[in-house]
Amino acid sequence: MNNIRLSYKDIEIRQGEDTLKFTGLVYTDALGNSAEDFILRKMRKHQAFFEKGILSRVASMGITGTYLDCGSHLGNHAVFFSNYCKSDKVFAFEPFCYSYKALRANIQRNCPPGKVIASNIALGKESGIGHLSIVNAANLGTNRFVENTDASAIPVYVTSLDIEIPKTEKISFLKIDVEGQEVNLLQGATRLIKRDKPFIWVEVWDESFAQVQQILDAYGYRFLESFRGNNHFFEAK
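Residues numbered from 1 in each chain as written. Predicted model: local features only at pLDDT ≥ 70, side-chain atom pairs only at ≥ 80, totals over all residues. Heavy atoms only, no water.

1. What to know about the side chain of His77
Reasoning step 1: Inspection of the secondary structure puts His77 in helix H3 (residues 76-84).
Reasoning step 2: With relative accessibility at 6%, the residue His77 sits in the buried group.
Reasoning step 3: With sequence-adjacent residues up to four places away left out, His77 is seen in contact with Phe50, Glu51, Leu55, Asp69, Lys175 and Trp201. (Helix = DSSP H or I, 4+ residues; strand = E, 2+ residues; numbered from the N terminus. Buried < 20%, exposed > 50% of the residue type's maximum accessible area, 1.4 Å probe, protein only. Contact = heavy atoms within 4.5 Å.)

Next comes the structure, spelled out in structure tokens:
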């Protein structure tokens, strides 16, 4: 993995009167220098959920039902959705095995039993095997899919939301943070989105925003607002 070693570290954060313990990632480079992953560092510094302002905005909407957290990393958003939104159930998806281990620990510590269902898979347009690359060891939430399969690439199982989510589940909220896979994920969730019309929060950079907006417009959605430049809300028309 690009000559880095990964380990785990526990921190505490606060939400209202609650104190929550989170496990996060620490990387050590080939020279022996160690540092916390970006998300863990931000959570520890502020003793709060990452993107707390956007999460609070979501909570204020009072959306009930089943939530999807696509690109869950450490489970920051999944844990918030489970405890501080009006969710009945949360599905959390994380393809990177080290992040997934932390995700499972954070769900077990902080969420009601059985409310959050975690899966160690990637989401795309169809099923198959993809390859994940660590592009920035200091921010492991930015791992991306790559075409080449050199020795540093990590094979991961890929499937679509239309395949993975049971038809009996009605999805009310969909959060997408998949580092360049947004278009493929949306194309693999056509049936789900058209059927359930969930509220959508997608993190996407400028170069892909127009394409994402075009797809969602075809699905019957309208753009609502943006936060911090690359986080966007959409709702069904």
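The discussion continues.
2. Digging into the packing of aromatic side chains
Reasoning step 1: Counted according to the given criterion, the structure contains 16 aromatic pairs.
Reasoning step 2: Ring centres of Tyr67 and Phe173 lie 4.9 Å apart, and the angle between their planes is 25 degrees; this geometry places the pair in the stacked category. Placement of Tyr67 in strand S4 (residues 65-70) and of Phe173 in strand S11 (residues 171-176) is noted, with a sequence separation of 106 residues between them.
Reasoning step 3: The buried category is assigned to Phe173, whose relative accessible area is 0%.
Reasoning step 4: Taken together, Tyr67, Phe81, Phe173, Phe199, Trp201, Phe227 and Phe233 form an aromatic cluster joined through their ring pairs. (Phe/Tyr/Trp six-rings, centres within 6.5 Å; stacked < 30°, edge-to-face > 60°.)

3. Considerations on the sheet that holds strand S13 (residues 221-227)
Reasoning step 1: Pairing in this open sheet of seven strands is mixed, and the strands run S6-S5-S4-S11-S12-S14-S13 from one edge to the other. Lying at the two open borders of the sheet, with one neighbouring strand each, are strand S6 (116-119) and S13. Averaged over all adjacent pairs, the angle separating strand axes in this sheet is 15 degrees, with direction ignored.
Reasoning step 2: Pairing of strand S12 (residues 199-203) with strand S14 (residues 231-236), which is carried by four bridges, proceeds in the antiparallel orientation. Counted as the bridge partner of Trp201 is Phe233 from S14.
Reasoning step 3: Relative to S14, helix H2 (residues 52-61) is tilted by about 15 degrees, and along the sheet it contacts S4, S11, S12, S13 and S14. (Pairing = 2+ DSSP bridges. Axes fitted to C-alpha atoms, helices over the stretch in contact; angles between N-to-C directions.)

4. As for helix H4 (residues 97-110)
Reasoning step 1: Between its first and last C-alpha, H4 extends 20 Å over 14 residues, near the 20 Å set by a 1.5 Å rise per residue.
Reasoning step 2: The inward-facing, buried residues of H4 abut strand S1 (5-15), strand S2 (18-28), H3, strand S5 (87-93) and S6. (Expected span 1.5 Å × (residues − 1).)

5. Some details on the state of the cysteines
Reasoning step 1: Under the defined criterion, the tally for this structure stands at zero disulfides.
Reasoning step 2: Cys85 supplies the cysteine sulfur nearest to Cys111, a cysteine that is in no disulfide, at a spacing of 12 Å. (Disulfide = S-S within 2.5 Å.)

6. Here we look at the layout of surface pockets
Reasoning step 1: Of the voids in this model, the largest pocket is the one considered here, and its volume is about 540 Å³.
Reasoning step 2: Around the largest pocket, the lining is made up of 37 residues, and of these Gly71, Gly141, Thr142, Asp177 and Glu179 lie nearest the centre.
Reasoning step 3: Among the elements of the structure, helix H1 (38-46), H3 and strand S7 (122-123) are those that each provide at least two residues to the lining of the largest pocket.
Reasoning step 4: Partitioning the lining of the largest pocket into residue classes produces 16 nonpolar, 14 polar and seven charged.
Reasoning step 5: Of the pockets and cavities examined, the second largest pocket occupies roughly 340 Å³.
Reasoning step 6: Lining of the second largest pocket is provided by 17 residues; of these, Gly130, Phe145, Val158, Gln181 and Asn184 occupy positions nearest its centre. (1 Å grid on protein atoms, 1.4 Å probe; cavity = no way out; pocket = protein on both sides within 12 Å on 5 of 7 lines; lining within 4 Å. Points joined across faces, edges and corners; volume = space filled by probe spheres on them. Nonpolar A, V, L, I, M, F, W, Y, C, P; charged D, E, K, R; others polar.)

7. Focus: the nonpolar core
Reasoning step 1: Of all hydrophobic cores here, the largest spans 48 residues; its most connected members are Phe22, Phe49, Val58, Tyr67, Phe81, Phe173 and Trp201.
Reasoning step 2: Tallying contributions element by element places S2 first for this core, with five residues.
Reasoning step 3: Dropping the residues within four chain positions of it, Phe49 is found in contact with Ile13, Gln15, Leu20, Phe22, Leu55, Asn76, Val79, Phe80 and Tyr84.
Reasoning step 4: Membership of the second largest hydrophobic core comes to 28 residues, among which are Cys70, Leu161, Val183 and Ile193. (Core = buried A, V, L, I, M, F, W, Y, C linked by side-chain atoms within 4.5 Å.)

8. Overview of empty space enclosed by the protein
Reasoning step 1: Using the criterion set out here, one finds one cavity of 30 Å³ or more in the structure.
Reasoning step 2: Its boundaries defined by the atoms lining it, the largest cavity holds a volume of some 30 Å³.
Reasoning step 3: Residue lining of the largest cavity: Leu161, Asp162, Ile165, Lys167, Arg191, Leu192 and Arg195, and that is the complete set.
Reasoning step 4: Elements with a minimum of two residues in the lining of the largest cavity: helix H5 (161-164) and helix H7 (190-196).

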